[in-house]
Amino acid sequence: MILITGGAGYIGAHVALELMNQGDDVLILDNLCNSYRSTLDRIATLTGRRPGFVLGDVRNRALLDTIFADYPIEAVIHCAGLKAVGESVREPLRYYDTNVGGTVTLCQAMAHAGVFTLLFSSSATVYGDCLTMPIDETCATGQPTNPYGQSKLMAENVMKSMVCSDERWSVGLLRYFNPIGAHRSGLLGEAPTSTPNNLLPYLLQVASGQRAALSVFGRDYETPDGTGVRDYIHVMDLAEGHVKALDALRHQHGVHVWNLGTGMGYSVLEVVRAFEKVSGISVPLVFEGRRAGDIARCWADPEKALSELGWSARRSLERMLADAWRWECHLHEAKAVPLVS
Ligand code: NAD
Ligand code: UD1
């Protein structure tokens, strides 16, 4: 059985679905601070099975000890965390407590229970403002400009030190680039509980009429059209990457870092135009100044994950946007777009 912390959230739910579809048993631990219990019903509808669920906090050591005593957990995928950059600037202690403290508590409970296989949701944000593209795993980690990014880097360092001190550990640090999209059924996707900060969820809310216009943050970057360029990756490709990484960890010890990205960069305007083409909906834009802490360009070299895990992202930008829009339409009972094959 695989324990997924934060498994009711956007990425964890897609990972749970993928693991269950390949026959694994999944137990989700989530305090639902940024997700809904109904996600469990959606996973059950799509897989024909219900994941196990414990409502609780990853910082609760006593609860973790009970979970490891009660369930035959072989490995943990640690997705639980807080991820809003602006909020992390306003409430840094809450971010360090959850993202770093939660990781320490989880690792202590795992070691106590004799479970040493761990995959961690890290982020390309740990590279900071890397000057050379694409970014491979040998690039130095930078100085993340906000407490969220710092907390991810600190959590990585905690796990690296831990692995150095005890060779029984098998730890995978998965550095996600920009996950977007949804399950192609349109039944599972990202459901922000407050105003979204990231490009895609905001764009979807503009397209579905919940918000007036999309702010484009900066059009004077050194990129082909002046807007920021990112490596958007389909959440189902990301989920498949977790399954491959977990398989790899079963056969090797130590700490392993893998970028999960496509290797392709798209600008904000390219994403908007592709979305308009896929959905047939025009997105009103307002050009604004650069957002504090943003970088111009960021895309992955995904070669290491290909050679070591046999994994690469397969789904196109159009597919990511069509799936995301189908999910948004489902959420708002609007007319869904046809499947892109
Ligand atoms: P999400 O907010 O949808 O999911 C996180 C889940 O963790 C939520 O269900 C939330 O309720 C739960 N959670 C938060 N604090 C908890 C706690 N103390 N105890 C138990 N559960 C708790 O976010 P996501 O997009 O699915 O991200 C998952 C992980 O991936 C996070 O660690 C995030 O930092 C990381 N990440 C996300 C992105 C992205 O763009 N989505 C990019 C890079 C890294
Ligand atoms: C952001 C975080 C990063 C985090 C990641 C996933 C910042 C500075 N970085 O990355 O730490 O790991 O989310 O949670 O917040 N954009 C707009 N209008 C919008 C929203 C975004 O133009 O309303 C632009 C941004 O300027 C950027 C691109 O779209 O160029 C992507 O932004 P976003 O989706 O927020 O992701 P990142 O900035 O890459």
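Structure's up top.
Treat the numbers as computed from the prediction; the structure is a model and nothing was measured. (Residues numbered from 1 in each chain as written. Chains lettered and ligands numbered in written order. Predicted model: local features only at pLDDT ≥ 70, side-chain atom pairs only at ≥ 80, totals over all residues. Heavy atoms only, no water.)

(A) Structural view of the environment of Asp25. Note that Asp25 resides in the loop between helix 1 (10-21) and strand 2 (26-30). A relative accessible area of 42% means that Asp25 is categorised as partly exposed. Counting along the chain gives 197 residues from Asp25 to Glu222, while the straight-line C-alpha distance between them is 47 Å. Filtering out sequence-adjacent residues up to four positions away, Asp25 remains in contact with Met1, Ile2 and Arg49. For Asp25, the side chain forms a polar contact with the side chain of Arg49, separated by 2.9 Å. (Helix = DSSP H or I, 4+ residues; strand = E, 2+ residues; numbered from the N terminus. Buried < 20%, exposed > 50% of the residue type's maximum accessible area, 1.4 Å probe, protein only. Contact = heavy atoms within 4.5 Å. Polar contact = N/O pair within 3.5 Å; in protein donor to acceptor, adjacent residues only side chain to side chain.)

(B) Representation of the site of ligand 2. Taken together, 19 residues sit near ligand 2, with Asn198, Ser215, Arg230, Arg291 and Asp294 positioned nearest. Contact distances for ligand 2 include 3.3 Å between an oxygen atom and a side-chain N or O atom of Thr125. Within the backbone of Phe217, an N or O atom sits 3.0 Å from an oxygen atom of ligand 2. A total of 740 Å² of accessible area belongs to ligand 2 in isolation, and the protein chains cover 90% of it. When residues of the shell around ligand 2 are assigned to their parent elements, the largest contribution, four residues, is made by strand 8 (residues 214-217). Classifying every residue of the shell around ligand 2 gives eight nonpolar, eight polar and three charged. (Near = heavy atom within 4 Å. Areas by Shrake-Rupley, 256 points an atom, 1.4 Å probe, with all protein chains shown as cover. Nonpolar A, V, L, I, M, F, W, Y, C, P; charged D, E, K, R; others polar.)

(C) Representation of the sheet that holds strand 14 (residues 297-298) within the structure. Ordered by their spatial adjacency, three strands build an open sheet running 12-9-14, and the pairing between neighbours is mixed. The open sheet is flanked by strand 12 (266-267) and strand 14, the only strands paired with a single partner. Relative to strand 12, strand 9 (residues 229-230) is paired through two bridges, and the arrangement is antiparallel. Following the sheet pairing, Arg230 is matched in strand 12 by Tyr266. (Pairing = 2+ DSSP bridges.)

(D) Quick peek at the packing of helix 7 (residues 199-207) against helix 11 (residues 317-331). At a closest axis distance of 10 Å, the pairing of helix 7 and helix 11 adopts a crossing angle of 55°. When the axes of helix 7 and helix 11 are compared, the pair comes out oblique. Crossing hand, helix 7 versus helix 11: right-handed. In this structure, helix 7 uses Leu200, Leu204, Gln205 and Ala207 to contact helix 11, whose residues at the interface are Leu321, Ala324, Trp325 and Glu328. A class-by-class count of the residues in the contact of helix 7 with helix 11 yields six nonpolar, one polar and one charged. (Axes fitted to C-alpha atoms, helices over the stretch in contact; angles between N-to-C directions. Parallel < 35°, antiparallel > 145°, perpendicular 65-115°, else oblique. Left-handed = near helix turned anticlockwise from the far one by under 90°.)

(E) Spotlight on the pairing of strand 6 (residues 170-176). For strand 6, the tally of buried residues reaches seven of seven residues, placing the bulk of the element in the interior. Bridge analysis of strand 5 (residues 117-123) against strand 6 gives seven bridges, and the strand direction is parallel. The residue of strand 6 that forms the bridge with Ser123 is Tyr176. Handedness of the crossover joining strand 5 and strand 6 through helix 6 (residues 147-165): right-handed. (Right-handed = clockwise from strand over helix to strand, strands pointing away.)

(F) Examining the packing of helix 1 against helix 2 (residues 38-47) more closely. Here helix 1 crosses helix 2 at 30°, and the two axes come no closer than 10 Å. The orientation of helix 1 with respect to helix 2, classified from their angle, is roughly parallel. You can see that helix 1 and helix 2 cross each other, and the crossing is right-handed. Along the contact surface, helix 1 presents Ala13, Ala16, Leu17, Met20 and Asn21, while helix 2 presents Thr39, Ile43, Leu46 and Thr47. Considered class by class, the residues forming the contact of helix 1 with helix 2 number six nonpolar, three polar and no charged.

(G) Seen up close, the environment of Val257. Tracing the chain through its elements places Val257 in strand 11 (residues 254-260). Residue contacts for Val257: discarding those within four places in its chain leaves Glu137, Leu173, Arg175 and Lys304.

(H) Fine view of the side chain of Asn259. Tracing the sequence through the fold places Asn259 in strand 11. Taking the relative accessible area as the measure of exposure, Asn259 reaches 0% and is therefore buried. Only 2.8 Å separates the side chain of Asn259 from the backbone oxygen of Ile135, close enough to count as a polar contact.

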